[in-house]
Amino acid sequence: MLGLVARLPDLLAEGQRLAGDAKVPTSYPRKVFVCGMGGSAISGDLLAAANPNERPPQILVVRSYHLPPYVAKDDLVVAVSYSGNTEETLSCFFEAVDRGCRLMAIASGGKLLEAARKHLVPSVTVPAGLPPRGALGYLFSATATLLDHAGAGGYHRDLEKLPGHLRRLAGDLQPSVPLAKNPAKALAAKLQGRTPIVYATPFLAPVARRWQTQLNENAKVLAWHALLPEMDHNELVGWANDNRRGSFGVVFLRDAREEPAMEARLRATVDLIGQGSVVGTFVATGENPMERLFHLLHLGDFVSVYLALLQGVDPTPVKVIDDLKGRLARAQ
Ligand code: PA5
């Protein structure tokens, strides 16, 4: 998993190439619905946050068996499943076929690609054999490129520059860099033995979600994320009263371009939580939203794997998810 995390810039470049020749009808959709679960769904959240257009189409992520009732044929549905066999994603795909929506699919194989071929749906096949969450680079850039072809994107230029940006920033996160000079290893060491909580401002919501899910699946720990300012209106009360607060390690994800009101809010929030609980604050940097999102996402991916290794667990297998999927398949 560590090698795969380090290869994120390469996978991003390759995903763009793989989708480059896809034959997609161009016509601006009313809305875009990205259907997927877990490691495949997060691409949709990132695409919504990274769209560089001043007036982008609305991009919504469907993590469910069903499309919302208002999805219709003027909408574009993108079914993303790394394995191609996730039942929720397949169900949405077939609903989109029935409703006559514009449709595209991305997978490494499985029933999704079979169905796409049968229904003449444009698709991209990404390389197989990875854990789905490790395929984010392929899935994100392939989906972005399909949206560009469909006239709903504008990602091309930012996508071209993204691998270089990540390579420049990730030098000190690599396994060869010792803990004293490696912010990802240092944070993992501080999180050891604590339950991680990731707080972020709304622009960084997909990144906070990715941190949580990578900590869940790679480090195999419970973790959660929440957003400011909303958490100041509820979760903060737990910090003032819950006797277990010493067992959590809080990470703040911030954006170099956040509005001034957020600065004062963050300072007050940290004071009320208690400095002792905050194990790290990181600020996203980059020339465009995509670069800023992926800067902190890449950091979090490294942290989750280093935490796994510190705890002596193998970051790659997610046996319990496989067991659950097996049970559900047998129940059908
Ligand atoms: O990381 C994982 O293994 C999961 O979150 C999967 O991504 C999720 O179960 C959906 O599977 P897939 O990505 O193959 O559609």
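Conventions used here
- Residues numbered from 1 in each chain as written.
- Predicted model: local features only at pLDDT ≥ 70, side-chain atom pairs only at ≥ 80, totals over all residues.
- Heavy atoms only, no water.
- Helix = DSSP H or I, 4+ residues; strand = E, 2+ residues; numbered from the N terminus.
- Buried < 20%, exposed > 50% of the residue type's maximum accessible area, 1.4 Å probe, protein only.
- Contact = heavy atoms within 4.5 Å.
- Near = heavy atom within 4 Å.
- Polar contact = N/O pair within 3.5 Å; in protein donor to acceptor, adjacent residues only side chain to side chain.
- Areas by Shrake-Rupley, 256 points an atom, 1.4 Å probe, with all protein chains shown as cover.
- Pairing = 2+ DSSP bridges.
- Axes fitted to C-alpha atoms, helices over the stretch in contact; angles between N-to-C directions.

A.B. asks: For this particular structure, what's the right way to read the environment of Tyr138?
C.D. replies: Here Tyr138 lies in helix α6 (residues 136-149). The class of Tyr138 is buried, set by a relative accessible area of 7%. The sequence separation of Tyr138 and Ala200 amounts to 62 residues, and the corresponding C-alpha distance is 25 Å. Contact partners of Tyr138, with chain neighbours within four places excluded, come to Arg7, Leu11, Glu14, Gly15, Leu18, Val126, Pro127 and Leu130.

A.B. asks: Looking at this model, I keep getting lost on the site of the ligand. Mind explaining?
C.D. replies: In the neighbourhood of the ligand, the contacting residues comprise Met37, Gly38, Gly39, Ser40, Ser81, Tyr82, Ser83, Thr86, Pro132, Arg133, Glu217 and Lys325. Within the contact set of the ligand, an oxygen atom lies 2.6 Å away from a side-chain nitrogen or oxygen of Ser81. Between the ligand and the protein, one listed contact pairs an oxygen atom with a side-chain N or O atom of Lys325 at 2.8 Å. Look at the ligand: alone it shows 370 Å² of surface, and the protein chains cover 93% of it. Top element by residues in the shell around the ligand is helix α3 (residues 38-50). It accounts for 3 residues.

A.B. asks: So what exactly am I meant to see when it comes to the sheet that holds strand β4 (residues 102-107) here?
C.D. replies: By definition, the strands of a sheet pair up through backbone hydrogen bonds, in either a parallel or an antiparallel sense. Spatially, 5 strands are ordered β2-β1-β3-β4-β5 in an open sheet, and the strand pairing comes out parallel. The open sheet has two edge strands, β2 (58-62) and β5 (123-125), and neither has a second partner. Going from strand to strand, the sheet's axes swing by 15 degrees on average, the running direction of each strand aside. Taken together, the 5 bridges between strand β1 (residues 31-35) and β2 define a ladder with parallel strand orientation. Its bridge partner lying in β2, Phe33 is registered against Leu60.

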